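# Examination of the molecular architecture
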Amino acid sequence: ALAWQAWALVDLRMEDTVEVYMDESAEIPCLYSFTEQPMMVMVQWFVQEREGHRVRISFSDLTMQKVDENTSYSDRISVQSNSDGETLTIQDVKLSDEREFFCQVSGLSAGSEEGKTLLKVFDPPEPPVIEGVLSGVSVSGESPAKIASCETREGFPKPNITWYRDHIPIHPTSGLANMVTLLTRESSGLYTVQSELHYKVTKEDKDAHFSCEVSYFVPGAVRTSESKGINITVHYPTTSVEIWKESPEGLVREGDTVELRCQGDGNPPAPIIFNREQSDVELDSSQGLLVLKEVSRADSGVYECHSLGLDAVNHDEVLDTLQLTVHYLDPAVVVPKDSEVMLKGESLTATCNALSSLETSTVWFKDGIEVGRGHIMQLQDATFDTAGQYDCEVTVPSLPGLLTSGFVHIIVQGAPQMKDAEREIELMEKVGGWVNLSCEVRGYPRPAITWSITGSQSQSWREVVKGEMEDQVYSVVMLKVTTDAVAVCNSTNDFGIETKTFSIRSIPFSQTPTARKTSVDNSGVIIVVIIVSILLLAILGSVFYFLYKKGKLPCGRSGKQEITKEKTNKDDIVVEMKAKKTEESVLLRGVNGEQKPPNDQNSTLSS
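Residues numbered from 1 in each chain as written. Predicted model: local features only at pLDDT ≥ 70, side-chain atom pairs only at ≥ 80, totals over all residues. Heavy atoms only, no water.

For the protein, the name recorded in an unreviewed UniProt entry is Mucin 18, with Cyprinus carpio as its organism.

Encoded structure:
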């Protein structure tokens, strides 16, 4: 009864638990008070050993304070006192420090009391490391199989591991999922946790991501750390295959290299074989790729690809098919073929066709210029200009690059057709000069050209140029002019003849007076008219002069009139005699019979 009464005299307060990270410092307070003022206060700190007995580690009273020697805490603790009590500080906390610490306070007659605090130590574990099964997992397994493992190291207290599929927790389920956990305590006192996930996979798990999460305690909280997500290799049988054309893009034409790809949905991929429909011959392929080089229309048809699911329950064979169409364009066929002869004025229908698996387009060209579109070309009322080579190009608009061509050579037959043959060509040249005479003829068969020249010596002309083309001939001759001459170009073939005439007039270097007189005599009528006119003017002048002498006409200031000499233009009285395409001026003699100089061809009258 006396002991209970003494204990009741002390008010002592301690925390139930103090939490701290390993290697840090921990402070454990011990607060106390007395209902009566004690004569002496003694405080002792004890620690609970693993074996169950206590060991004092510190002592203090009014006269002294010391840390007990030869304990595991002699060099790691210190005690601080104040009016409210004492605080025990532990340096460099270890895992072994997780135990109960006791504070015993005695005031002698004032009473005694004891309290305790549990020190809890924490050390976070390393982040979790996850590994999947490298060999893969088959869906055909009857029970859950190991698919992954997760490990977290050196944590305290013991960490926990939770598994996730696509961030959804996986709970142990009979026949579907279970976890095997291995807990290891290292020599340091820290824990390492290993967990294996056993899971019954399905085909849908091939795209799923599995991860693990470790949860651990820290002072005042619980924290987590998640691993990276991994994808599990799931083995499942092939239930379907797909075949497609990998190249070329678009339509296939003859000469292309075609690649057909076939792939199944199984894992691992089952072997793929190719063959033509209704044929058991296996085509040469590699890893699901069939290559057809320089295909032709014979390669068109249905292609099959097969896969045998070796891990399927019933070993069923699956297949897929593809229709391959190889488009083609045969060489162009032109009718008429090669060349065709037409008569001048006739009409002709030419066709150009090419067999193709697609719709075609045809264009006709002549000398590189487009002359028509369509498979049919009409030539109406043929002329020599109609002749020549006509090329046709056949293309496939829906498949660029597919092209073929052909041609037909048109020959137009007809009588010679000479340039400027409808009119006579008139030329003038001085005597002794040379003239060039050209003759150009079209016709088929090719015309022959001959020249016939009259009025000149036969040795005074020669052919200097001669040329021939398919339906055209040309010839150029040089003619020395000695007298007036006529040259005729004659062109002939099987269908007729055509000529062209050149009239050449010679011009002498100079004409003698006799020659000029001869020219005037030839124009006598004109000269007579001019002379009569001049005589009339002379008579009129004489009349005026007579009247003037008789005083009948006033002149000057006294009223006489003066007849002044009137200027005339040099060109007032000019007589020109023109021969065909030549001109000659005739010099007129004056009324006094004198011959006027050449530079004065006008007559002037004066009274």
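### Focus: the packing of aromatic side chains
Worth spelling out the cut-off: Centre distance within 6.5 Å is the pairing criterion for rings of Phe, Tyr and Trp, where only the six-membered ring of Trp is used; planes under 30 degrees apart are then read as stacked, over 60 as edge-to-face, and the remainder as tilted. Look at NZ for Lys and CZ for Arg. If either is within 6 Å of the ring centre and within 35 degrees of the ring normal, a charge sits over the ring.
Enumeration over the complete set of coordinates arrives at five aromatic pairs. A cation over an aromatic ring shows up here: Arg462 above the ring of Trp434, its NZ or CZ 5.1 Å from the ring centre.

### With respect to the pattern of salt bridges
This is how it is decided: Whenever Lys or Arg places a side-chain nitrogen within 4 Å of a carboxyl oxygen from Asp or Glu, that contact is recorded as a salt bridge. Residue burial is assigned from relative accessible area. The probe radius is 1.4 Å, only protein chains are included, and a residue is buried under 20% of its type maximum, exposed over 50%, and partly exposed in between. Strands here are runs of E lasting at least two residues and helices are runs of H or I lasting at least four, both read from the DSSP assignment and numbered beginning at the N terminus.
In this structure the tally under the stated criterion is 21 salt bridges. Here Asp11 and Arg13 are joined by a salt bridge, their closest N and O atoms 3.3 Å apart. For Arg13, a relative accessible area of 42% puts it in the partly exposed group. Here Arg261 ties to Glu246 by a salt bridge, and the two come within 3.4 Å at their closest N and O atoms. A residue pair is termed long-range when its members are at least 10 positions apart, and Arg261 in strand S24 (residues 258–264) and Glu246 in strand S22 (residues 241–247) qualify at 15 residues. Look at Arg261 and you get partly exposed, because its relative accessible area is 22%. A single network of salt bridges, built from pairs that share partners, joins Arg165, Asp166 and Asp205.

### Details of the sheet that holds strand S6 (residues 65–67)
The line we're drawing: In this analysis, strands are considered paired if DSSP registers two or more bridges between them. Axes, fitted as lines to C-alpha atoms, cover a helix only where it is in contact. Angles between the N-to-C directions of the axes lie from 0 to 180 degrees.
The strand order S2-S10-S9-S4-S5-S6 describes an open sheet built from six strands, whose pairing is mixed. Looking at which strands have only one partner, the edges of the open sheet turn out to be strand S2 (17–21) and S6. For this sheet, the mean angle separating the axes of adjacent strands, direction not counted, is 25°.

### What about the sheet that holds strand S13 (residues 145–155)?
If you trace the four strands from one edge of the open sheet to the other, you get S11-S13-S17-S16, paired in antiparallel fashion. The strands lining the two open edges of the sheet, one partner per strand, are strand S11 (129–132) and strand S16 (177–185). Neighbour to neighbour, the strand axes of the sheet diverge by 15° on average, direction disregarded. Of the pairings in the sheet, the one linking S13 to strand S17 (residues 191–199) comprises eight bridges and is antiparallel in character. Bridged to Lys146 within S17 is His198.

### Some remarks on the environment of Val258
Following the sequence through the fold, Val258 ends up in strand S24. Taking relative accessible area as the criterion, Val258 reaches 0% and is therefore assigned buried. In sequence terms Val258 and Leu324 are 66 residues apart; their C-alpha atoms lie 9.5 Å from each other.

### Quick look at unusual backbone geometry
Here Ser247 and Pro248 are connected by a cis peptide whose omega angle stands at -5°. As for its placement among the helices and strands, Pro248 is situated in the loop between S22 and strand S23 (252–253). The step from Tyr444 to Pro445 runs through a cis peptide bond, and the omega angle for that step is 0°. In this fold, Pro445 is placed in the loop between strand S39 (434–444) and strand S40 (448–454). Positive phi, close to 65°, is recorded for Gln278, a residue that is not glycine. Take Gln278: it is sitting in the loop between strand S25 (272–276) and strand S26 (289–292).

### Overview of a nonpolar patch on the surface
The condition that has to hold: Note on patches: the residues involved have over 30% relative accessible area and no salt bridge, like charges join within 9 Å, and the nonpolar side chains Val, Leu, Ile, Met, Phe, Trp and Tyr join within 5 Å. Note on areas: these come from Shrake-Rupley sampling with a 1.4 Å probe, and a residue is covered only by the protein chains present in the view.
Taken together, Met39, Met40, Leu62 and Leu108 make up a surface patch of nonpolar side chains, about 470 Å² in accessible area. Tracing the backbone through its elements, the reader meets Met39 in the loop between strand S3 (26–34) and strand S4 (42–48).

### Here's the deal with the pairing of S17
Buried residues dominate S17, accounting for seven of its nine residues. Two successive antiparallel strands, S16 and S17, enclose a turn made up of five residues, where Gly189 displays a positive phi of approximately 95°.

### Observations regarding the side chain of Lys500
In this fold, Lys500 is placed in strand S44 (residues 496–507). Under the relative-accessibility criterion, Lys500 is labelled buried at 6%.

### Let's talk about the environment of Ser25
For clarity, the threshold we go by: Any two residues whose heavy atoms approach within 4.5 Å are treated as being in contact. In protein, a polar contact means a hydrogen-donor-capable atom and an acceptor-capable atom, both N or O and within 3.5 Å, with residues adjacent in sequence counting only if both atoms are side-chain atoms; elsewhere, any N or O pair within 3.5 Å suffices.
With respect to the element layout, Ser25 can be found in the loop between S2 and S3. Along the sequence, Ser25 and Ile77 sit 52 residues apart, while their C-alpha atoms lie 9.6 Å from each other. Non-local contacts of Ser25, meaning those with residues more than four positions away in its chain, are made with Val20, Ile90, Gln91, Asp92 and Val93. One polar contact links Ser25 to Gln91, side chain to side chain, over a distance of 2.9 Å.

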